Amino acid sequence: MRRPSREAAYVEFATSRRDQLRRIAYGMCGDWHRADDLVQTTLVKLYVAWPRVARSGSEDAYARKILLNAAIDASRRPASRERPTDVLPEAAAPARLSVEDRTSLVAALQTLPAQQRATVLLRHWLDLSVAETAAELGISEGTVKSHTSRALSALRERLAAADA
Amino acid sequence: MQDIIERLDRELSAAPGTGVDIGRSVAAGRRALRRRRLATAAGVLATVVVIGGAAALVVGGDDPRTGQDVTQQPPTSPTATATTTDPADGVVPVDIHLDGSVEPATGAQVIERAQFTASGGQVAEVFHLRLDGREYYAYGETADSKVGWTPLPVDGLSLDEWAEQQLTRGDGGATGDRSWVSFDDRSRLHPKAGVEIGEQRADPGFGERFAAPGEFTAAAEVRRSDATWFLAVRQTPDGATEAIPYRKDDRITTLDAFISYARDQYATNDQGGSEGLR
């Protein structure tokens with residue numbers, strides 16, 4: 001296959017999966033602009049790896065894996081974490097979700113650990129099996145089940161509190 | 001459960017217009033791929049006749065704006081600049097296709113082709129081929145999307161020996177090999193695993209095209225894998241020891257002859273470059 005047709009295959013794949021990848025990215029980070037950046041990064045990495053990925057027939061899983069790893073890495077960066085300060089704030093800490101976000105499930109997702117977020121998205125939004133989710137996240141099936149269970153109860157609690 | 005899934009689906013589906021540009025991904029992907037290939041090709045092509053420091057190293061690739069083949073400027077080093085008169089200019093003996101296959105260039109006559117696994121576990125398709133009147137060793141490593149090639153002769157190396165050397169020396173376009181010897185703090189060479197030093201000479205005068213002033217240099221005759229090699233050795237800016245091996249052949253049989261040959265190879269030529277050993 002020469003370059004034009006190889007690239008055509010890549011472009012076709014990237015175009016057809018772009019929206020789904022954006023939604024996963026948004027579910028992971030809760031911000032459409034950052035989601036676009038994550039998808040762009042994913043697609044560049046996918047282009048470089050395309051020969052072996054396409055040959056193995058694992059394009060979807062590979063693209064999601066790159067995306068989720070990038071999102072999980074981003075959430076681990078110091079800028080995304082709490083920062084120590086010299087002086088404690090006098091005011092009480094704000095509620096975890098703003099008023100407009102209280103009813104948003106995606107916003108509620110952001111309060112979960114990154115791997116729990118990924119588990120919910122893969123298991124319940126993409127409808128992957130426990131085994132497929134475990135393979136994509138590189139964790140055991142037992143961990144997938146416990147992540148899912150904890151994540152769903154946390155989400156229910158938060159949404160119930162918001163609806164009350 | 002279902003309420004959560006429906007809610008999630010509703011929110012994720014309410015996506016604003018996308019800022020993801022597939023064309024930009026393709027262009028950035030091509031650049032990333034080209035950088036990888038150049039890192040390898042620059043190291044491999046350092047064996048090519050060297051003429052000018054600013055001469056162009058030609059590696060095929062498509063310009064993301066035009067889709068046409070373009071010429072890339074490689075990073076230059078004391079040993080690695082390329083030729084503008086090399087008839088191989090513009091020729092890429094092998095390429096890795098996006099479907100993962102490694103194929104020789106159109107018109108190439110394949111003399112030998114094999115799957116090769118290096119001692120470091122790298123797997124590549126290796127070729128001895130003839131193209132436009134020249135013979136090349138070439139390889140394509142699909143896992144890392146890397147290709148490399150060298151016009152023959154290559155210091156008397158067999159295709160497997162050459163491939164082992166190329167695949168195990170790492171990324172970054174390094175022209176030397178760090179697996180042979182190391183300097184101690186008095187510029188004395190010590191062998192690494194599997195290497196036996198027969199004779200060594202400190203500061204053999206290979207010149208500034210070989211190493212910056214003040215950096216340790218040496219020449220040595222060593223044995224490895226039942227073969228005798230001569231090494232031109234230098235300290236790199238990061239403090240590591242880098243050797244450029246030359247397999248002993250009928251032409252160069254003593255360390256003195258090798259030092260003399262290496263001095264000539266690293267002498268500055270009319271164009272301000274040098275031939276180098278690779």
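Anything mentioned here points back to the structure above.
### Thoughts on the overall build of chain B
Then, number 1: Tallying secondary structure elements over chain B gives 4 helices and 12 strands in all.
Then, number 2: Pairs at least 24 apart in sequence give 53% of the contacts found in chain B among residues at least 6 apart.
Then, number 3: Of the roughly 12400 Å² of accessible surface on chain B, 46% is carried by carbon and sulfur atoms.

### Description of the nonpolar core
Where a protein is soluble and globular, its nonpolar side chains tend to be buried together.
Then, number 1: Among the nonpolar cores identified, the biggest contains 58 residues, and A:Tyr10, A:Met28, A:Leu43, A:Leu46, A:Leu121, A:Leu155 and B:Leu8 are the most heavily contacted of them.
Then, number 2: A per-element tally of this core places helix 2 (residues 32–56) of chain A first, with 11 residues.
Then, number 3: Leave out the neighbours within four places in its chain, and A:Leu46 touches A:Tyr10, A:Phe13, A:Val53, A:Tyr62, A:Ala63 and A:Ile66.
Then, number 4: Core analysis: the next-biggest nonpolar cluster, separate from the first, contains 25 residues, B:Phe116, B:Val195, B:Val222 and B:Ala227 among them.

### With respect to the packing of helix 5 (residues 114–125) of chain A against helix 6 (residues 130–137) of chain A
Two quantities define a packed helix pair, namely the angle between the axes and the distance from one axis to the other.
Residue and element names in this part refer to chain A.
Then, number 1: Two elements in contact, helix 5 and helix 6, have axes whose closest approach is 10 Å; the angle formed by their N-to-C orientations is 140°. With respect to each other, helix 5 and helix 6 are oriented oblique. Here helix 5 and helix 6 pass one another in a crossing that is right-handed. Together, Gln115, Ala118, Thr119, Leu122 and Arg123 of helix 5 and Val130, Thr133, Glu136 and Leu137 of helix 6 make up the contact between the two elements.
Then, number 2: Here the residues of the contact of helix 5 with helix 6 sort into 4 nonpolar, 3 polar and 2 charged.

### Remarks on the sheet that holds strand 4 (residues 123–131) of chain B
Residue and element names in this part refer to chain B.
Then, number 1: Within the open sheet, the 4 strands sit side by side as 3-4-5-6. Their pairing is antiparallel. Looking at the sheet topology across the chains shown, the edges are occupied by strand 3 (109–117) and strand 6 (146–151). Shown here is a sheet whose adjacent strand axes are inclined to one another by a mean of 15°, direction ignored.

### Thoughts on the packing of helix 5 of chain A against helix 1 (residues 2–13) of chain B
Then, number 1: Between helix 5 of chain A and helix 1 of chain B, whose axes approach to 11 Å, the crossing angle comes to 100°. Taken together, helix 5 of chain A and helix 1 of chain B sit at an angle that is classed as roughly perpendicular. Residue-level contacts link A:Val120, A:Leu121, A:His124 and A:Trp125 of helix 5 of chain A to B:Ile5, B:Leu8, B:Asp9 and B:Leu12 of helix 1 of chain B.
Then, number 2: Of the residues contributing to the contact of helix 5 of chain A with helix 1 of chain B, the split by class is 6 nonpolar, 1 polar and 1 charged.

### Notes on the environment of A:Tyr62
All names here are of chain A.
Then, number 1: Positionally, Tyr62 belongs in helix 3 (residues 59–76).
Then, number 2: A relative accessible area of 24% places Tyr62 in the partly exposed class.
Then, number 3: Residues Tyr62 and Leu46 lie 16 residues apart in sequence; the distance between their C-alpha atoms is 7.8 Å.

About the criteria used
Residues numbered from 1 in each chain as written. Chains lettered and ligands numbered in written order. Predicted model: local features only at pLDDT ≥ 70, side-chain atom pairs only at ≥ 80, totals over all residues. Heavy atoms only, no water. Helix = DSSP H or I, 4+ residues; strand = E, 2+ residues; numbered from the N terminus. Contact = heavy atoms within 4.5 Å. Areas by Shrake-Rupley, 256 points an atom, 1.4 Å probe, with all protein chains shown as cover. Core = buried A, V, L, I, M, F, W, Y, C linked by side-chain atoms within 4.5 Å. Buried < 20%, exposed > 50% of the residue type's maximum accessible area, 1.4 Å probe, protein only. Axes fitted to C-alpha atoms, helices over the stretch in contact; angles between N-to-C directions. Parallel < 35°, antiparallel > 145°, perpendicular 65-115°, else oblique. Left-handed = near helix turned anticlockwise from the far one by under 90°. Nonpolar A, V, L, I, M, F, W, Y, C, P; charged D, E, K, R; others polar. Pairing = 2+ DSSP bridges.

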